[in-house]
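A structural walkthrough
Each chain, written out:
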Amino acid sequence: MFAAATSARESRETIMKKTLLALALIGASATASADSWIYGGVNAGQADFGGETDSSYGVHIGTGILPFIGLEAGYQNHGKIDFGPGLEIDGDSVYFAAKPSIDFGPLHVYARGGVHSYNFDTSFGKEDDFEMMYGIGAEYFVFGPLSVGASYNIFKTKLDEDIKTFAINASLHFL
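Residues numbered from 1 in each chain as written. Predicted model: local features only at pLDDT ≥ 70, side-chain atom pairs only at ≥ 80, totals over all residues. Heavy atoms only, no water.

1. Focus: the overall build of the protein chain
Scanning the protein chain from N- to C-terminus turns up one helix and eight strands. Sequence-ordered secondary structure for the protein chain, helices as α and strands as β, is α-β-β-β-β-β-β-β-β. Across the 175 residues of the protein chain, 33% fall into the buried class. Look at the contacts in the protein chain between residues 6 or more apart in sequence, and 49% of them connect residues 24 or more apart. A total of about 10,000 Å² of accessible surface is found on the protein chain, and carbon and sulfur atoms cover 69% of it. (Helix = DSSP H or I, 4+ residues; strand = E, 2+ residues; numbered from the N terminus. Buried < 20%, exposed > 50% of the residue type's maximum accessible area, 1.4 Å probe, protein only. Contact = heavy atoms within 4.5 Å. Areas by Shrake-Rupley, 256 points an atom, 1.4 Å probe, with all protein chains shown as cover.)

Structure below.
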């Protein structure tokens, strides 16, 4: 009877050790994915320009050049903002940014800062220029190389207002 109880306890300990090892490997692979050489993804959300809002979407691609910093480029469509009769702005941006980050297991928290080139088609003509952009975000590695998260970005403009974008994103991390 003593041998059977000892054998059952050893089996539970073995299962517990294997489970803990599997969880540690999953956590390590998620952290390694956050510092991947190449990643890319999509986002969708809402852009706010002068208190008026519209749907926004974009794509991004980046690289983790060091464990705590990466470089990212992307395209963001800010939607078509209608300020009333006779004034409408349809805009988008192409950006390049540095992306410092920190990982807490499968949670990846980051900031983003750089420049963007924006193009606005307005009721009065075209407006395009370069300006600063910055933001914050977090993503969670749900399994393997797939992460989902949210970000808040501010795209500065030479106009009286900046474009503020809140988006939900999904990214795939490679290498």
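2. Thoughts on the pairing of strand β7 (residues 146-155)
Direction of pairing for strand β6 (residues 125-143) relative to β7: antiparallel, over a ladder of ten bridges. Note on β7: the bridge partner recorded for Ile 136 is Tyr 152. Where β6 folds back onto β7 in an antiparallel hairpin, the turn is made up of two residues, including Gly 144, whose phi is positive at roughly 45°. (Pairing = 2+ DSSP bridges.)

3. A look at a nonpolar patch on the surface
Taken together, Phe 68, Ile 102, Phe 104, Leu 107, Tyr 140, Val 142, Phe 143 and Val 148 make up a surface patch of nonpolar side chains, about 780 Å² in accessible area. Within the residue set of the nonpolar patch, elements represented by two or more residues are β4 (88-104) and β6. As for its position among the elements, Leu 107 is in strand β5 (residues 107-122). Residue classification places Leu 107 among the partly exposed positions, given a relative accessible area of 33%. (Patch = residues over 30% accessible without salt bridge, like charges linked within 9 Å, V, L, I, M, F, W, Y side chains within 5 Å. Salt bridge = Lys/Arg side-chain N within 4 Å of Asp/Glu carboxyl O.)

4. Overview of the packing of aromatic side chains
In the structure shown here, the tally under the stated rule is four aromatic pairs. With a centroid separation of 5.9 Å and an interplanar angle of 65°, the aromatic rings of Phe 49 and Phe 83 are classed as edge-to-face. Of this pair, Phe 49 sits in strand β1 (residues 38-49) while Phe 83 sits in the loop between β3 (69-82) and β4, placing them 34 residues apart in sequence. Here Phe 49 falls in the buried class, since its relative accessible area comes to 6%. Between the aromatic rings of Tyr 118 and Phe 120, the centroid separation amounts to 4.9 Å while the plane-to-plane angle is 35°, which identifies the pairing as tilted. Given the relative accessible area of 2%, Phe 120 is considered buried. Here a set of aromatic residues connected by ring pairs shows up, and it is made of Phe 49, Phe 83, Tyr 118 and Phe 120. Between Lys 99 and the ring centre of Tyr 110, over which it is positioned, the NZ or CZ distance is 4.1 Å. (Phe/Tyr/Trp six-rings, centres within 6.5 Å; stacked < 30°, edge-to-face > 60°. Lys NZ or Arg CZ within 6 Å of the ring centre and 35° of its normal.)

5. Section: the environment of Lys 158
Locating Lys 158 in the fold gives a position in the loop between β7 and β8 (163-174). Separated by 29 residues in sequence, Lys 158 and Asp 129 have C-alpha atoms that sit 7.7 Å apart. In this structure the side chain of Lys 158 is engaged in a polar contact, spanning 2.8 Å, whose partner is the side chain of Glu 131. (Polar contact = N/O pair within 3.5 Å; in protein donor to acceptor, adjacent residues only side chain to side chain.)

6. Overview of the pattern of salt bridges
Should the charged atoms of two oppositely charged side chains come close, the side chains can pair. In total, this model carries six salt bridges according to the counting rule given. Glu 72 is the partner of Lys 99 in a salt bridge, and the nearest nitrogen-oxygen pair spans 3.3 Å. Here Lys 99, found in strand β4, pairs with Glu 72, found in strand β3; they are 27 residues apart in sequence, far enough to count as distant. Lys 99 gets classed as buried once you look at its relative accessible area, which sits at 7%. Note that Glu 72 is salt-bridged to Arg 112, the shortest N-O span being 2.9 Å.

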